[in-house]
Structure formats: C-alpha cells, structure tokens
Amino acid sequence: MVTVVLAGKGARMETEDSSRAVGLQQARSYLRKADPVLARLIDDRPDFDPRAWRDNAFGLPPTMDLFGALLFQITGQQLSVLATRRTLARIEALFGGHLPSATELLGADPAKLREAGLSWRKIGTLRDLAGRLSDGRLDPKVLSGLPDDLVMAELTAIPGIGPWTVQGALLLALGREDVVVPGDLRVRKAVQAAYRLDHLPTQQEVLAIADKWRPYRSLATSYLFSATFAQAKTPPAAQRKT
C-alpha cells in the first residue's frame, strides 16, 4: 500500500514538473517574439530557472509560503542585497536554521529580532501580519485564490506593507505569472541596462515597457533580476520601497 502511494506521488510530481516545463517553454517563446531585448536575455540563458536568482542572491528555498515571502520582502525594505542576506541569516539562526512561521515569530522575544537587525517598525509589521495569519483574520488559502488586486488590497491594509512588498510575495509565494515590480530599484536598473536607456526609468516607464510582456511579466522580471545579479560581483546598495 505504501509503495502504491509513493508511486502515485512520484507520478504526480513528474506530471507537474512536465507541465511546468511545457508552460515555461511557451512563456519563453511568447516573450522572445514580443520583445527582442528579452529575446537576447533568454538566448543568453537557455537553461535559466526563474527560481534560481533568489537562491543565488539570497540562499532562499525554491518555494516559499506566504508568510516566509512577506518576511523576506519586509526584511529587505530599504536594504541592499548583502544587508538583507546578513539579516535573514541572523533571523534563521534564531529559529534553528530556518525562517520562522507566523506562530514562531509571535513567540519570539522582539528584542532578539531587533538584535538580528530588524528595525522596530519592521518587527511591528511582522508581528501584526503574523497575528492576523495566526488568528484567522488572514487565511493563506483564501488569499491564494484571490485575484492579484484583491490580494494587494488585503495585505496593504497592514501598516508597513506596500505594493512592492506584496508584488514580491505574489511572485515568490503565490506563483502569479503576470507580476512586475516597477518600484524595485534593481528592476529599474536592469531595464535601463537591457534597453540601453540614457536615464533610470521611472516606475511608469517600466510599466509601459512591461506591457508587451503580458501575460508573462513574472518570467520577464525574473530574467531581469538574473541579469543584474550576473553582472554584479558585489551588489550595490539599493533603496527599496515598501
């Protein structure tokens, strides 16, 4: 009986992986035809895994739950990649080598979180978020079934969580296919470099360029993130919006 169950799980995982590979190939093909700049990035990285940039830059797992993704995003507000990585490592050390669940974070001494490098404002935001997830005011399963705009409305109601933070969570945890992060300085710099602009594009300019990527803006964004990390041996400080 156990063998049958395991075989079934294995077959299901193979089917999911195969389906994901087919979908990824379709998205790449669409983006190559829609945008010659992205076509060059795609051709330069034929084996690119859109989840790999986060592992290379931050040491994050390939999949994250909603609280973990929001914790990561909140931690990274107004910090460089290196500072974010260091703070995440100290947070993980507090919880036995892993990022905490909402319940675990609520049970932690806020002073210890402050010592790990989180500001009091970020600690307050995380505890507010963790409380809502723990007592049922926010339900990850319900949120995962909502359209992007309603997820945005629910989460930005929490002080300290803004569009940039939610957009990152939509990409990292909810696997939404059509998300762009125009407020991220790294995305703006990546667009400037890739499109050979003589200025740093505004958020509105990034959105205008990204319009041709629909409905696969998430994949395009991942390629741009990957390009910035590949170009920089030591990532420069980046001011990020909430």
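Residues numbered from 1 in each chain as written. Predicted model: local features only at pLDDT ≥ 70, side-chain atom pairs only at ≥ 80, totals over all residues. Heavy atoms only, no water.

Q: Explain the nonpolar core to me, and be specific about the residues and the numbers.
A: Formed by 38 residues in total, the largest nonpolar core has its most connected members in F67, L71, L129 and L155. Mapped onto this core, the elements with two or more residues apiece are α4 (66-75), α5 (81-94), α6 (102-106), α8 (120-135), α10 (148-155) and α11 (163-172). Residues in contact with L155, not counting those within four places in the same chain, are L70, L129, L138, L143, I161 and V166. Counting residues in hydrophobic clusters, the runner-up holds 25 residues, among them L31, I42, V187 and A190. (Core = buried A, V, L, I, M, F, W, Y, C linked by side-chain atoms within 4.5 Å. Buried < 20%, exposed > 50% of the residue type's maximum accessible area, 1.4 Å probe, protein only. Helix = DSSP H or I, 4+ residues; strand = E, 2+ residues; numbered from the N terminus. Contact = heavy atoms within 4.5 Å.)

Q: Report on helix α12 (residues 185-194), specifying residues and quantitative values.
A: For α12, a buried count of 7 out of 10 residues is recorded, marking the element as mostly surrounded by other parts of the structure. Taken together, the buried positions of α12 are L185, R186, V187, R188, A190, V191 and A194. If you check the start of α12, you find a side-chain oxygen 2.8 Å away from the backbone N of R186, and it comes from D184. Of the residues one or two after α12, R196 is the one with positive phi, at around 55°. (Polar contact = N/O pair within 3.5 Å; in protein donor to acceptor, adjacent residues only side chain to side chain.)

Q: Explain the pattern of salt bridges residue by residue, including any values.
A: Pairing is possible between side chains that carry opposite charge, provided their charged atoms lie close to one another. The full count for this structure, using the stated rule, is 8 salt bridges. Salt-bridge contacts for K112 lead to E115; the nearest nitrogen and oxygen are separated by 4.0 Å. One end of the pair is K112 and the other is E115, both in helix α7 (residues 110-115) and 3 residues apart, which spans about a single turn. On the accessibility criterion, K112 (42% relative accessible area) is partly exposed. For E115, a relative accessible area of 58% gives the class exposed. Notably, a salt bridge pairs R214 with D211, separated by 2.9 Å at the nearest N-O pair. Residue class for R214 comes out partly exposed when judged on its relative accessible area of 38%. It is possible to trace a salt-bridge network through shared partners that takes in D178, D211, R214 and R217. (Salt bridge = Lys/Arg side-chain N within 4 Å of Asp/Glu carboxyl O.)

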